[in-house]
Amino acid sequence: MSDATQIARFSDIINLCSALAFPSTQQSIPSQTAMAAATLLHRVAPRTPRAARVLSTAASPALKKFSIYRWNPDTNERPRMQDYEIDLNECGPMVLDALIKIKNEEDPTLTFRRSCREGICGSCSMNINGTNTLACLCKISDVKETTKIYPLPHMYVLKDLGKT
């Protein structure tokens, strides 16, 4: 069905709705009815499929360095800081998004807790750039700086950023 045909059908629907709503008057459609009809038209009209969201990887990469505390109690190694680089064009705006990206794409052994991603549960709490905060609420800082991520200082560390 062409766009002109669909618009004509929706126009007929609008006229029918106005005739049913205001049978005694054959005047122009009141503005509230016209707004309701336009809303109906917007909701009912078929939408053209949109292209899938393409991340701006064609643009110059905005590489951000994260230095993350790593410690595995199963080995006899001392705790260390490990550096990762993330392209911010392919990552969400929060530190938790970067941690998830690192775990999914670069280092599946990275350990940290997370749950709601809304700042309610507190399970993603950690020390980010010297401040105890929630990773899901902490925005990624300037690209030029290295973001340093540690476990909370007053908690017993089980592994990496995971705590009890």
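Residues numbered from 1 in each chain as written. Predicted model: local features only at pLDDT ≥ 70, side-chain atom pairs only at ≥ 80, totals over all residues. Heavy atoms only, no water.

1. A short note on the overall build of the protein chain
Phase 1 of the analysis: Within the protein chain one finds 3 helices and 7 strands.
Phase 2 of the analysis: The order of α-helices and β-strands along the protein chain, N terminus first, is α-α-β-β-α-β-β-β-β-β.
Phase 3 of the analysis: Residues classed as buried in the protein chain amount to 29% of the 164 residues present.
Phase 4 of the analysis: Look at the contacts in the protein chain between residues 6 or more apart in sequence, and 50% of them connect residues 24 or more apart. (Helix = DSSP H or I, 4+ residues; strand = E, 2+ residues; numbered from the N terminus. Buried < 20%, exposed > 50% of the residue type's maximum accessible area, 1.4 Å probe, protein only. Contact = heavy atoms within 4.5 Å.)

2. Notes on the pattern of salt bridges
Pairing is possible between side chains that carry opposite charge, provided their charged atoms lie close to one another.
Phase 1 of the analysis: Enumeration according to the criterion identifies 5 salt bridges in this entry.
Phase 2 of the analysis: Between K65 and D83 there is a salt bridge, and its shortest N-O distance comes to 3.9 Å. With K65 in strand 1 (residues 63-70) and D83 in strand 2 (residues 80-87), this residue pair connects regions lying 18 residues apart in the sequence.
Phase 3 of the analysis: For E90, the salt bridge is made with K101, and the minimal N-O distance between the two is 3.8 Å. (Salt bridge = Lys/Arg side-chain N within 4 Å of Asp/Glu carboxyl O.)

3. Notes on the sheet that holds strand 5 (residues 147-150)
Phase 1 of the analysis: The strand order across the open sheet built from 5 strands is 2-1-5-3-4, with neighbouring strands paired in mixed fashion. Strands at the two margins of the open sheet, each flanked by one partner only, are strand 2 and strand 4 (131-134). The sheet shows a mean angle of 35° between the axes of neighbouring strands, taken without regard to direction.
Phase 2 of the analysis: Bridge analysis of strand 1 against strand 2 gives 8 bridges, and the strand direction is antiparallel. Of the residues in strand 2, the one forming a bridge with K65 is E85.
Phase 3 of the analysis: Packing against the sheet, helix 3 (residues 95-106) makes contact with strand 1, strand 2, strand 3 (125-128) and strand 5, and its axis sits at approximately 95° to strand 2. (Pairing = 2+ DSSP bridges. Axes fitted to C-alpha atoms, helices over the stretch in contact; angles between N-to-C directions.)

4. Re the confidence of the model for the protein chain
Phase 1 of the analysis: Averaged over all residues, the pLDDT of the protein chain is 77; the fraction at 70 or higher stands at 63%.
Phase 2 of the analysis: Between residues 48-54, whose pLDDT stays under 50, and residues either more than four places distant or in other chains, the model counts 0 contacts. (pLDDT = per-residue confidence, 0-100.)

5. With respect to the pairing of strand 3
Phase 1 of the analysis: Alternating residues of strand 3 divide into S125 and N127 and M126 and I128, and every residue in both groups is buried.
Phase 2 of the analysis: Pairing of strand 3 with strand 4, which is carried by 4 bridges, proceeds in the antiparallel orientation. Along strand 4, the bridge assignment pairs N127 with N132.
Phase 3 of the analysis: With antiparallel pairing between neighbouring strands as the criterion, strand 3 and strand 4 make up a hairpin whose turn holds 2 residues, including N129 at a positive phi of roughly 55°.
Phase 4 of the analysis: Two elements, strand 3 and strand 5, share 2 bridges in a ladder whose sense is antiparallel. From the neighbouring strand, N127 faces strand 5, where its bridge partner is Y150.

6. Structural notes on the packing of aromatic side chains
Phase 1 of the analysis: Within this structure, the stated rule accounts for 1 aromatic pair.
Phase 2 of the analysis: On the numbers, 6.4 Å between centres and 50° between planes, the contact of Y69 with Y150 is tilted. Of this pair, Y69 sits in strand 1 while Y150 sits in strand 5, placing them 81 residues apart in sequence.
Phase 3 of the analysis: On the accessibility criterion, Y69 (17% relative accessible area) is buried. (Phe/Tyr/Trp six-rings, centres within 6.5 Å; stacked < 30°, edge-to-face > 60°.)

7. Some thoughts on helix 3
Phase 1 of the analysis: With 12 residues, helix 3 extends 15 Å between its outermost C-alpha atoms, agreeing within 8% with the 16 Å of an ideal straight helix rising 1.5 Å per residue.
Phase 2 of the analysis: Those residues of helix 3 not exposed but buried are V95, L96, D97, A98, L99, I100, K101 and I102.
Phase 3 of the analysis: Among the structural elements, strand 1, strand 2, strand 3 and strand 5 are those in contact with the buried residues of helix 3. (Expected span 1.5 Å × (residues − 1).)

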